[in-house]
Amino acid sequence: MSLKTLVPQNTREAPFVPMRATFIAPTLLPVCCVCGLIRDDNSFPPSLDCWLTQRTYREAHGIDPTEIALTHTYCPECFRKAQNTAQQYFREIRTSP
Ligand SMILES: [Zn+2]
């Protein structure tokens, strides 16, 4: 057995390992007040809108979201629905005598 088979040819090339962001548990967890999805501000790779169920949040971060204080917001889909409902309401007010 030669030394070449034991030593990698290019020792400068490190295997690709994706970077992981350090997870810091939030003090307030933003939850959609309609559907209950949790906004994951610590998603990796970072994205503007990452919404998880309680189960996927627990699996992703190892933290039970029911143990964190909640703050309520709208997920994009529920926000669109609420916005449409409000627009419909004001349209009806304007057209009624
Ligand atoms: Zn929602």
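A brief structural summary. Since we're looking at a predicted model, the values are computed, not measured.

Comments concerning the overall build of the protein
A count of helical and extended segments in the protein gives 3 helices and 4 strands. In the protein, the succession of α and β elements from N to C terminus is α-β-β-β-α-β-α. Here the protein holds 97 residues, and the buried ones make up 10% of them. A separation threshold of at least 6 residues defines the contact pool for the protein, and within that pool the share at least 24 residues apart is 54%.

Some points on the nonpolar core
Counting 7 residues, the largest nonpolar core consists of Leu29, Val31, Leu37, Ile38, Trp51, Tyr57 and Cys75. Setting aside residues up to four positions removed in sequence, Leu29 forms contacts with Ile38, Pro65, Ile68, Ala69, Leu70 and Thr71.

Considering the environment of Leu29
Topologically, Leu29 is positioned in strand S1 (residues 28-32). Along the sequence, Leu29 and Ile68 sit 39 residues apart, while their C-alpha atoms lie 6.4 Å from each other.

Considering the environment of Ile68
You can see Ile68 is positioned in the loop between helix H2 (54-61) and strand S4 (69-73). For Ile68, a count of 16 C-beta atoms within 10 Å corresponds to the partly exposed category. For Ile68 and Leu28, which are 40 residues apart along the polypeptide, the C-alpha to C-alpha distance reads 6.4 Å. Other than its neighbours up to four places away in sequence, Ile68 contacts Ala25, Pro26 and Leu29.

Digging into helix H3 (residues 76-95)
In this model H3 runs 29 Å from its N-terminal to its C-terminal C-alpha over 20 residues, within 8% of the 28 Å that 1.5 Å per residue would give. Sparse coverage of H3 is indicated by the burial of 0 of its 20 residues.

Criteria and thresholds
- Residues numbered from 1 in each chain as written.
- Predicted model: local features only at pLDDT ≥ 70, side-chain atom pairs only at ≥ 80, totals over all residues.
- Helix = DSSP H or I, 4+ residues; strand = E, 2+ residues; numbered from the N terminus.
- Buried ≥ 20, exposed ≤ 12 C-beta atoms within 10 Å, placed from the backbone.
- Contact = placed C-beta atoms within 7 Å.
- Core = buried A, V, L, I, M, F, W, Y, C linked by C-beta atoms within 7 Å.
- Expected span 1.5 Å × (residues − 1).

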